[in-house]
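Architecture and fold: a report
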Protein chains: 2
Amino acid sequence: MIRNTPVTLKFLAEKLKMSVSTVSKALNDYPTINEYTKKRVQEMARDFHFTPNKSAINLKERKSRIIGIILPNLLDHFFTRSIYGVEQFATARGYNVIIRQTHDELAKEIQAANMLLKSRVDGLIIAISKNTKDFAHLEQFENMGTPVVYYARNPSFNLNCHKVLGNTFQGSYEATKFLIGRKHQKIAYLGGPKMISFSHDRFNGYINALKDHQIPFVAGLVAYTDFDKENTILAIQKLFSDPENRPTALVAFKEPILFDAIKYLRSIHHPSFAEMECIGFGNNAFITYLDVPPVASIEENPEAVGENAIKLLLQLIDQEVELLHYQKIIVDCKLVVH
Amino acid sequence: MIRNTPVTLKFLAEKLKMSVSTVSKALNDYPTINEYTKKRVQEMARDFHFTPNKSAINLKERKSRIIGIILPNLLDHFFTRSIYGVEQFATARGYNVIIRQTHDELAKEIQAANMLLKSRVDGLIIAISKNTKDFAHLEQFENMGTPVVYYARNPSFNLNCHKVLGNTFQGSYEATKFLIGRKHQKIAYLGGPKMISFSHDRFNGYINALKDHQIPFVAGLVAYTDFDKENTILAIQKLFSDPENRPTALVAFKEPILFDAIKYLRSIHHPSFAEMECIGFGNNAFITYLDVPPVASIEENPEAVGENAIKLLLQLIDQEVELLHYQKIIVDCKLVVH
DNA sequence: TTGTAGGCGTTATCAG
DNA sequence: CTGATAACGCCTACAA
């Protein structure tokens, strides 16, 4: 049976021949309301499946109880897993979550930001696109007093903002150190897009591990790619072309890219292939099915990253942390040996 | 610079020394408003970055402009890909999308449904959990006049509802037929949870393909599992234990489960392994990295499934389709040979 | 052409 | 203990 008249406080009040305010108070268990009255009201509410209208409450409370998440891609398990952490805490606190994908396109990021701004989200968590250099569309939020937490991808050195980031420096340091421990001397580094968050810290971790273990740095052992398979193959060709400096190990900024690299080397029967040991960021669940799996993975703990992001955001919303008192939270990686 | 006073129509009206309604009309381009006035108002609105408060509009329009999606798991690429289709059309029409994962747990599904009900979503798209047999938590929506579209997972024979489903019958028919075409006589079927949507149609597709090609059905060539690796191994042991009826091909209800099966058979050096040909539902992007890939995949076109679901839902919301005039939309699968 | 008033559903304050 | 009233921000029929 379908109701046409919506079940509101007013509707219940009329049924019960009481005032709207009494009904409201009874449902919210006000101490000043007679127990018997409460019972009557609550029963009636249950019978008619009354649910308070969120829009009305939001209007009154000047809140939306919605948190926005903007991220590049849900097919990337890093982001999907990070959402677990966010969701859990957000829903426990009564917030809904709206996720918007940008596919790493700035235009879509701007569109998503504007739509979420209109929706008056109470807070925003964002992993910026690889092309985001200007932040005007995101600064709008803080101008309205809506907190923004940048996560997973580091916006830039000089942007003042709240950040929750994986410790990619430590991750690639440990990976490199691990490979050194396995007696590799020629360790290649395959980096990602030249954007700060993909390159800087990871590369530094690699370099520092080499230095700390007295392995000379060779420029020819470093190459960069992006999420495009062709570019990965070009980068790999560059890394493995010099017979004098043939790598025996490889650290890659992302596992799917590493898989492309491995597949390519294998397909051309590269002489180094058999002895190669590789490590990438990710720890993809799929690795268990691979014939030639990476020797280890850098587990980035995306759930923990998401969890820290939402916890910080909730503190900002609750004003337990000052909006302008910018926080930086770093989540360590963990080397997982396969 | 951070505003403390929110920018509302009232705020603008005071600045401009006009009435609230004039400002409202000017912003909504009413023909009765003087052009000069409009210009003044619109400029001021732009300068102060005015954005209308959604909660207020929602309250007034009795709409939320939010669509809820409940699904088991975002780590399953079927669902992640299905969201692409949904998102695109929803956002183009000005709807926000709230996604809730149930992890295939009924309790979480109920909780999510209740929360979305309170949020007064304008419509719901749901892939039910594998344990959902009672639908009271979902029938609430239709009782309030909120349309619900069931997708991806078929609720039951006798539930009257709107459905958008993949043509799993045709998918498994084609897979089986393809294997028969490759001269297989002993084709095993590895089915999913005994819930209707996982079993019935796929199994029928398999059976019918056998029958249409005069291959005798052997009960020992059918086994069932769920998403648990141990159960998959048990099922595989059952299928491959009888030397008299050793399968040379396998159709599986989900690719990740198929991968577990392949891995297991390989690990025990099963004599059939070398000649085996397998097909599963999914067409996972990862297959390209596998050493022993399935001979083909049943591509379920999740984007198209999502797209059909949202299109139907929008029609229901716009009342272009009667709420009680239940629709059933079937999206064909496509066999992709690797 | 502009302004006034009422209502969407809820909660809070204050009076009865 | 209960009820009337105002307010949240927006829109719109009607009055001026």
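The residue count restarts for each chain, going from 1 along the sequence in the order it is written. Written order determines the labels here, with chains lettered from A and ligands numbered from 1. Under the rules for a predicted model, residues below a pLDDT of 70 receive no local features and side-chain atom pairs below 80 are neither given nor counted, while totals for whole chains, interfaces and linings still include all residues. Water and hydrogen atoms were dropped before computing side-chain values, which therefore reflect all heavy atoms in the structure.

Labelled according to an unreviewed UniProt entry, chain A appears under the name Substrate-binding domain-containing protein, originating from Pedobacter petrophilus.

**What to know about the domain arrangement of chain A**
What counts here: Per the annotation, domain bounds derive from an automatic or database assignment of domains.
Considered domain by domain, chain A is made up of domain 1 (9-52), domain 2 (64-166 + 302-332) and domain 3 (168-299). Here the C-alpha centroids of domain 1 of chain A and domain 2 of chain A sit 39 Å apart.

**With respect to the protein's contact with DNA strand D**
Quick note on the threshold: Working definition: residue near molecule or strand if any one of its non-hydrogen atoms lies within 4 Å of it. Between N or O atoms, a polar contact is any pair within 3.5 Å; within protein, one atom must be a potential hydrogen donor and the other a potential acceptor, and residues adjacent in sequence are included only when both atoms are from side chains. Where helices and strands are cited, they refer to DSSP runs of H or I of at least four residues and of E of at least two residues respectively, numbered from the N terminus. Polar here means any residue other than Ala, Val, Leu, Ile, Met, Phe, Trp, Tyr, Cys and Pro, which are nonpolar, and Asp, Glu, Lys and Arg, which are charged; Gly is therefore polar.
Looking at DNA strand D, there are 26 residues lining it, with A:Thr22, A:Lys25, A:Thr37, B:Leu9 and B:Tyr30 nearest. Within 4 Å of the protein, atoms of DNA strand D come from sugar and phosphate in 68% of cases. A:Ser21 is positioned with one of its side-chain polar atoms (N or O) 3.1 Å from a base nitrogen of DNA strand D. A:Arg62 places a polar side-chain atom, nitrogen or oxygen, 3.3 Å from a phosphate oxygen of DNA strand D. Within the residue set of the surface near DNA strand D, elements represented by two or more residues are α2 (20-27) and α4 (54-61) of chain A together with α2 (20-27) and α4 (54-61) of chain B. Its residues assigned to classes, the surface near DNA strand D comprises ten nonpolar, eleven polar and five charged.

**A word on the protein's contact with DNA strand C**
With respect to spatial proximity, 28 residues lie near DNA strand C, and among them A:Tyr30, B:Ser21, B:Thr22, B:Lys25 and B:Lys60 are the closest. Sugar and phosphate atoms form 66% of the subset of DNA strand C atoms that lie within 4 Å of the protein. Between a base oxygen of DNA strand C and a side-chain N or O atom of B:Ser21, the distance comes to 3.0 Å. Measuring from a base nitrogen of DNA strand C, one finds a side-chain N or O atom of B:Lys60 at 3.3 Å. Mapped onto the surface near DNA strand C, the elements with two or more residues apiece are α1 (9-16), α2 and α4 of chain A together with α2 and α4 of chain B.

**Some thoughts on the sheet that holds strand β7 (residues 222-224) of chain B**
All names here are of chain B. Cut-off, in case you're wondering: Two strands form a pair only when DSSP identifies at least two bridges running between them. Axis definition: a line fitted to C-alpha atoms, over the contacting stretch in the case of helices. Angles run 0 to 180 degrees between N-to-C directions.
The strand order across the open sheet formed by six strands is β7-β6-β8-β9-β10-β12, and the pairing between neighbours is mixed. Here the strands that pair on one side only, and so sit at the sheet edges, are β7 and β12 (334-337). Between one strand and the next, the sheet's axes are offset by a mean angle of 20°, whatever the strand orientation. Here four bridges tie strand β10 (residues 296-299) to β12, and the two strands are oriented antiparallel to one another. Counterpart to Ala296 in the pairing with β12 is Val337.

**Remarks on the relation of the copies chain B and chain A**
What counts, and what does not: All copies are superposed by least squares; the fitting set is the C-alpha atoms of residues with a pLDDT of at least 70 in both. It only takes one pair of heavy atoms within 4.5 Å for two residues to be counted as in contact.
Once chain B is rotated about the relating axis by 180° and shifted along it by 0.2 Å, it coincides with chain A to within an RMSD of 0.3 Å. On the angle and the small slide along the axis, the relation comes out as a two-fold axis. Residue by residue, 97% of the interface of chain B is reproduced at the interface of chain A, so both copies engage with the same surface.

**Overview of the interface of chain B and chain A**
Keep this limit in mind: Once two parts are brought into contact, the accessible area they lose, counted with a 1.4 Å probe and summed over both, makes up the buried area. Basic side-chain nitrogens of Lys or Arg form a salt bridge, by our definition, when they fall within 4 Å of a carboxyl oxygen of Asp or Glu.
Residue-level contacts link 58 residues of chain B with 56 residues of chain A. Where chain B abuts chain A, roughly 5,100 Å² becomes buried across the two surfaces, and 58% of that area is made up of carbon and sulfur atoms. Linking chain B to chain A there are two salt bridges. In this structure, the connection of chain B to chain A is made through twelve residue pairs in polar contact (both at pLDDT 80 or more). For the side of chain B that touches chain A, the secondary structure elements donating two or more residues are α4, α5 (77-92), β2 (96-101), α6 (106-118), α7 (136-143) and α11 (255-267) of chain B.

**With respect to the sheet that holds strand β10 (residues 296-299) of chain A**
Residue and element names in this part refer to chain A. Pairing within the open sheet is mixed, and its six strands lie in the order β7-β6-β8-β9-β10-β12. Looking at which strands have only one partner, the edges of the open sheet turn out to be β7 (222-224) and β12 (334-337). Each neighbouring strand pair of the sheet contributes to a mean axis angle of 20°, computed without reference to strand direction. Where helix α8 (residues 168-181) meets the sheet, its contacts fall on β6 (187-191), β8 (249-252), β9 (277-281), β10 and β12, and the angle it forms with β9 comes to roughly 170°. The strands that helix α11 (residues 255-267) touches are β6, β8, β9 and β10; relative to β9, the one it contacts most, it runs at about 150°.

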